[in-house]
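Structural description and commentary
Take a look at the letters that make up each chain.
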Amino acid sequence: LPASPYTGQRVVLQTSAMASAKVRWVLCYTGVKWEFEGGAPLYAFDSTVRALATSSSPPFSSGSDFASDSLSIAIPLSGDYLIEWGASVDTTVQSTILYMAPVATGLSWAIANAAIGRTSSGTASPVGGTLVLGGAIRAAGISGTLKLQYATNVFDDPQAVNRWLKLTPIQL
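Report on the accompanying structure. Bear in mind that the values here come from a model prediction, so they are computed numbers and not experimental data.

Section: the overall build of the protein
When helices and strands are tallied, the protein shows two helices and 12 strands. The helix and strand sequence of the protein, counted from the amino end, reads β-α-β-β-β-β-β-β-β-β-α-β-β-β. Here the protein, with 172 residues, has 42% of them falling under the buried criterion. Once local pairs closer than 6 in sequence are excluded, the contacts in the protein between residues at least 24 apart make up 75%. Split by element, the accessible area of the protein, about 8,200 Å² in all, is 52% carbon and sulfur.

Some details on the packing of aromatic side chains
For the structure shown, the criterion picks out four aromatic pairs. Ring geometry for Trp25 against Phe36: centres 6.2 Å apart, planes inclined by 80 degrees, an arrangement best described as edge-to-face. Here Trp25, found in strand β2 (residues 25-29), pairs with Phe36, found in strand β3 (residues 34-38); they are 11 residues apart in sequence, far enough to count as distant. Judged by its relative accessible area of 0%, Trp25 falls in the buried class. Overall, Phe36 belongs to the partly exposed group, its relative accessible area being 22%. What links up through ring pairs into an aromatic cluster is the set Trp25, Phe36 and Tyr81.

So, the pairing of β2
The buried fraction of β2 amounts to four of the five residues, a majority that puts the element mostly inside the structure. Both strand β1 (residues 10-13) and β2 contribute to a ladder of four bridges, which runs antiparallel. For Leu13, the partnering residue across the bridge sits in β2 and is Trp25. Inspection of the sheet shows β2 paired to β3 by four bridges, in the antiparallel sense. For Leu27, the partnering residue across the bridge sits in β3 and is Phe36. Between β2 and β3, which pair antiparallel in sequence order, lie four residues; one of them, Gly31, sits at a positive phi of approximately 100 degrees.

Conventions we followed
- Residues numbered from 1 in each chain as written.
- Predicted model: local features only at pLDDT ≥ 70, side-chain atom pairs only at ≥ 80, totals over all residues.
- Heavy atoms only, no water.
- Helix = DSSP H or I, 4+ residues; strand = E, 2+ residues; numbered from the N terminus.
- Buried < 20%, exposed > 50% of the residue type's maximum accessible area, 1.4 Å probe, protein only.
- Contact = heavy atoms within 4.5 Å.
- Areas by Shrake-Rupley, 256 points an atom, 1.4 Å probe, with all protein chains shown as cover.
- Phe/Tyr/Trp six-rings, centres within 6.5 Å; stacked < 30°, edge-to-face > 60°.
- Pairing = 2+ DSSP bridges.

Structural data, given as structure tokens:
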């Protein structure tokens, strides 16, 4: 971005990572920050079945990384973003509780907990169900790499598949 922008100046932002995803963002300087005016969000998808190998008891105060995880988005510039995420989870255990949330620099598990994706198979549900969960949160001042973490009360039974992340800028 220009070092000395003027109010009303418009730019097209495209980092090398954005170029490989064929994404460009149109930004306008308001005199204080760059406002997002248009362009596609950054998106990441992983169809690999991932076992949830770490378990604990609720309430969950932190999350765990998925093993050998490749699902992430490099945040191009520090700023405020809309983050959306989702996944399908298969479980064979009744009363499975699963939380999933995005994390990045400036966005901890505790902050994301306000809009965390929560699901439970419930004691009355049939064994072998598929749980679909997701969420959205406006995150202020984040940077670094965006990824998903999970917390569950059942060790090594639930499996997440078709996980996705979407990142749309608001102000940079």
